[in-house]
Amino acid sequence: MSQTQRVGFLLIDNFTMISLASAIEPLRMANQLSGQPLYEWVMLTETGAPVRASDQILVTPDHSIQDCGKLDMVILCGGVGVVNARSRALRIWVQQLAKRRIKLGAVCTGSYLLADAGVLTGYRCTLHWEYMASFKEAFPQLETSNALYCIDRDRLTSSGGTVPMDMMLHLIEKEHSSALSIAICDMFLCERIREGQEEQRVPLRHMVGTAQPKLAEVVALMEANLEEPLTLDELACYVALSRRQVERLFQRHVKCSPSRYYLNLRLKRARQLLRQTSLSIIDIATACGFVSTPHFSKCYRENFGMPPRDDRCSRSAPKPLAPVLTDLLMHIQLDSAKSEPTFASVTL
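For the protein, the name recorded in an unreviewed UniProt entry is GlxA family transcriptional regulator, with Oceanisphaera ostreae as its organism.

Set out below in structure tokens:
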């Protein structure tokens with residue numbers, strides 16, 4: 001039987017409830033599907049006092065950081081106003097955990113507190129896009145990524161929303177098996193397990209603010225016309241600007257040309273179709289506005305480092321639920337006394 005891992009979730013005042021639930025539920029389902037107590041989790045706050053989530057639900061923790069006992073992993077759950085949660089006691093506690101080589105993680109904006117304690121130096125990390133700019137300004141020395149999540153050795157950092165579920169599913173796959181991870185994904189009706197290197201989609205208004213409505217109009221036109229791309233002259237005409245004015249807007253606010261931005265949108269859409277559907281590469285190329293498959297493959301390879309065919313082959317196709325559960329149950333250990341399989345009850 002696998003040794004139970006004890007995971008502490010440190011709740012910061014105004015933490016994001018959906019990120020916490022997305023991180024815990026895969027652990028619960030791992031226990032139920034495997035029939036073994038693979039994970040145990042406890043709720044922590046700095047002082048042991050209850051805290052409110054950003055949705056105003058009051059949560060009473062199991063322990064404070066001083067009386068939580070032995071932990072194998074700690075995940076800091078951030079949310080709104082995370083910078084106000086900094087404290088000397090929390091900083092020292094996180095540093096002590098790092099010295100004891102305990103796995104440290106963060107969801108939503110929790111990475112800010114890990115960085116404040118100095119335990120992210122030398123690691124790739126991420127956090128919710130809304131705090132990305134201020135985070136980079138506060139910690140310019142860190143390798144900050146716009147990825148959905150980063151698992152770098154004994155550091156796990158995730159953006160917000162439902163992304164922590166993907167991060168925990170990858171952790172479960174690494175620590176136990178892909179069969180278990182895929183079975184959990186199927187039980188939660190997830191279409192797929194997202195890869196960590198996939199980027200967060202940052203709203204354009206966050207990148208350029210609300211003072212550039214013409215730029216937002218052009219991007220909206222691009223997103224609505226991926227299969228039959230518009231020319232730059234057509235885009236400029238639709239928003240009542242000159243071609244040169246559109247080029248200047250993109251260079252000033254997006255740091256690339258309109259054509260490059262448009263190409264990136266089409267390639268990102270192509271990658272989604274490649275990974276999430278069984279469409280042929282020819283059909284995907286056509287759906288994303290490429291006039292020929294060779295041209296599509298060339299652009300794809302230059303942007304993602306591999307041709308589309310190799311990218312698709314590198315990812316194992318999702319398994320149907322029944323075969324996955326069959327594979328999983330075959331790995332459950334026989335009861336030592338009865339020599340019969342032990343089956344777990346499965347509930348959502």
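Enquirer: Honestly, the confidence of the model for the protein in this entry has me stumped. Any pointers?
Expert: Atomic detail in the predicted coordinates should be set aside for any region of low pLDDT. Here the protein averages 86 in pLDDT, and 86% of its residues register 70 or above. The weakest mean pLDDT in the protein belongs to helix 15 (residues 321-331) at 49; the strongest belongs to strand 6 (residues 73-77) at 97. Contacts of residues 316-324 to residues separated by more than four positions or lying in other chains number 12 contacts, the stretch itself having pLDDT below 50. Scored below 50 in pLDDT, residues 331-348 shows 28 contacts in the model against residues more than four places distant or in partner chains.

Enquirer: Help me out: how do you make sense of helix 5 (residues 163-175) in this one?
Expert: Residues spaced three or four apart along an α-helix face the same direction, because each turn holds 3.6 residues. With 13 residues, helix 5 should cover 18 Å at 1.5 Å per step; its first-to-last C-alpha distance of 19 Å lies within 8% of that length. Here helix 5 lies mainly inside the structure; 10 of its 13 residues are buried. Turning to helix 5, its buried residues number three or more, namely V163, P164, M165, D166, M167, M168, L169, H170, L171 and I172.

Enquirer: What is the right way to look at the packing of helix 5 against helix 6 (residues 178-187) in this model?
Expert: The interhelical angle for the contact between helix 5 and helix 6, taken along N-to-C directions, is 150 degrees, at an axis separation of 7 Å. As far as their axial angle goes, helix 6 and helix 5 are roughly antiparallel. For the pair helix 5 and helix 6, contact is made by L169, I172 and E173 and by S178, L180, S181, I184 and C185, respectively. Taken together, the residues of the contact of helix 5 with helix 6 sort by class into five nonpolar, two polar and one charged.

Enquirer: Even after reading the chapter, I still don't get the packing of aromatic side chains, so can you show me in this structure?
Expert: Any two aromatic rings considered together are summarised by their centre-to-centre distance and by the angle between their planes. Applying the stated criterion to the full structure yields seven aromatic pairs. Residues Y112 and F135 carry aromatic rings whose centres are separated by 6.2 Å and whose planes lie at 65 degrees to one another, so their mutual orientation is edge-to-face. Of this pair, Y112 sits in helix 3 (residues 111-116) while F135 sits in helix 4 (residues 132-138), placing them 23 residues apart in sequence. Taken individually, Y112 and F135 each receive the classification buried, so the pair is uniform in this respect. Each residue in the set F290, F296, Y300 and F304 is aromatic and connected to the rest through ring pairs, giving one cluster.

What counts as what
Residues numbered from 1 in each chain as written. Predicted model: local features only at pLDDT ≥ 70, side-chain atom pairs only at ≥ 80, totals over all residues. Heavy atoms only, no water. pLDDT = per-residue confidence, 0-100. Helix = DSSP H or I, 4+ residues; strand = E, 2+ residues; numbered from the N terminus. Contact = heavy atoms within 4.5 Å. Expected span 1.5 Å × (residues − 1). Buried < 20%, exposed > 50% of the residue type's maximum accessible area, 1.4 Å probe, protein only. Axes fitted to C-alpha atoms, helices over the stretch in contact; angles between N-to-C directions. Parallel < 35°, antiparallel > 145°, perpendicular 65-115°, else oblique. Nonpolar A, V, L, I, M, F, W, Y, C, P; charged D, E, K, R; others polar. Phe/Tyr/Trp six-rings, centres within 6.5 Å; stacked < 30°, edge-to-face > 60°.

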